[in-house]
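# Structural features, examined
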Amino acid sequence: ARPLLRPRKGDLVALGFDGSLFEDSTVLIGCRLRDLFVFTLGVWECPDGPAGEGWEVPIAEVNATVDETFDRYRVARMYADPPYWREEIDRWRAAYGDRVVFRWWTNRPRQMAAALERLKTGITTGGVIHDGDRRIATHVGNARADRVSYGELIKKPIRGGAEKIDGAIGCALALEAASDAVADGALQVKKPGQLVSF
């Protein structure tokens, strides 16, 4: 963790979004491309106890945070899990481009296992650094490995339990988006006067 490190306005970043509407959390996570610094942009979580009764994710606030993020940073790519958020994701795609905002389904075991393995390896080797957000750290700590034929997925400690793991999923999506953007040349510096043909 690098709690004193902060992304700067204009940084080139990728985003991971994992959304819910009621009981689970909704998270927006950033990953700076040049150093794979993972940072928290938004966490919306149902409060414990009576305060959580009838609680819903504030969709307008989430939309505002996404808009502010695109205004503050240069977003190379965003991976967003579509369930419950299709209309909002379609709006983001219309506003920021369908070559920037992608629907990234987390219910694909092979792809999700690969994204989680990338995150696990990056954290273990120190190739990925993060802001130390305690809410996200709790989500990562709640995650339990679930072995599948393609590798490992993650699940809650107790099926249907109150523990949240959405932050871990959001980090994996942000890192996957960053890695794919880098692979597609997002960090390549174009020379002055270079002609780009397509």
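Let me sum up the structure you'll find in this document. (Residues numbered from 1 in each chain as written. Predicted model: local features only at pLDDT ≥ 70, side-chain atom pairs only at ≥ 80, totals over all residues. Heavy atoms only, no water.)

### Points about the sheet that holds strand β4 (residues 74–80)
Spatially, β5-β4-β1-β2-β3-β6 is the arrangement adopted by the six strands of the open sheet, whose pairing is mixed. Each edge of the sheet is formed by a strand with only one pairing partner; in this case those strands are β5 (101–103) and β6 (129–130). As paired elements, strand β1 (residues 12–18) and β4 share six bridges and run parallel to each other. Each bridged residue has a counterpart across the sheet, and for Gly-16 the counterpart in β4 is Tyr-79. Against the sheet, helix α4 (residues 134–142) contacts β2 (26–32) and β3 (37–44), and its axis sits at roughly 95° relative to β3. (Pairing = 2+ DSSP bridges. Helix = DSSP H or I, 4+ residues; strand = E, 2+ residues; numbered from the N terminus. Contact = heavy atoms within 4.5 Å. Axes fitted to C-alpha atoms, helices over the stretch in contact; angles between N-to-C directions.)

### Focus on the environment of Glu-68
As for its position among the elements, Glu-68 is in helix α1 (residues 59–72). Glu-68 gets classed as exposed once you look at its relative accessible area, which sits at 52%. Measuring from C-alpha to C-alpha, the distance between Glu-68 and Ile-89 comes to 15 Å, with 21 residues separating the pair along the chain. (Buried < 20%, exposed > 50% of the residue type's maximum accessible area, 1.4 Å probe, protein only.)

### Topic: the side chain of Arg-32
You can see Arg-32 is positioned in strand β2. Of note is the side chain of Arg-32, whose polar atom sits 2.8 Å from the side chain of Asp-35. Sequence-distant contacts of Arg-32, that is, excluding residues within four places in its chain, are made with Leu-5, Arg-6, Pro-7, Arg-8, Asp-11, Leu-12, Val-13, Phe-37 and Phe-39. (Polar contact = N/O pair within 3.5 Å; in protein donor to acceptor, adjacent residues only side chain to side chain.)

### A word on the pairing of β4
Counted residue by residue, β4 has six buried out of seven residues, so it is predominantly covered. By the bridge criterion, three bridges tie β4 to β5 in an arrangement that is parallel. Pairing of Met-78 across the sheet is with Val-101, part of β5. Taken together, β4, helix α2 (residues 86–96) and β5 constitute a β-α-β crossover, and its handedness is right-handed. (Right-handed = clockwise from strand over helix to strand, strands pointing away.)

### Structural notes on the packing of α4 against helix α5 (residues 166–183)
In contact at an axis separation of 6 Å, α4 and α5 are set at 100° when each is read in the N-to-C sense. With respect to α5, the element α4 is oriented roughly perpendicular. Facing α4, whose interface residues are Ile-136, His-139 and Val-140, α5 presents Asp-166, Gly-167, Ala-168 and Cys-171. Among the residues forming the contact of α4 with α5, the class breakdown is four nonpolar, two polar and one charged. (Parallel < 35°, antiparallel > 145°, perpendicular 65-115°, else oblique. Nonpolar A, V, L, I, M, F, W, Y, C, P; charged D, E, K, R; others polar.)

### A look at unusual backbone geometry
In this structure, Leu-36 takes a positive phi of about 55° despite not being glycine. By the secondary structure assignment, Leu-36 is in the loop between β2 and β3. If you check the backbone angles, Tyr-84 has positive phi at about 75° while not being a glycine. Residue placement: Tyr-84 occurs in the loop between β4 and α2. Classification of Tyr-84 by relative accessible area gives exposed; the value is 60%.

The values are spatial; any link to function lies outside them.
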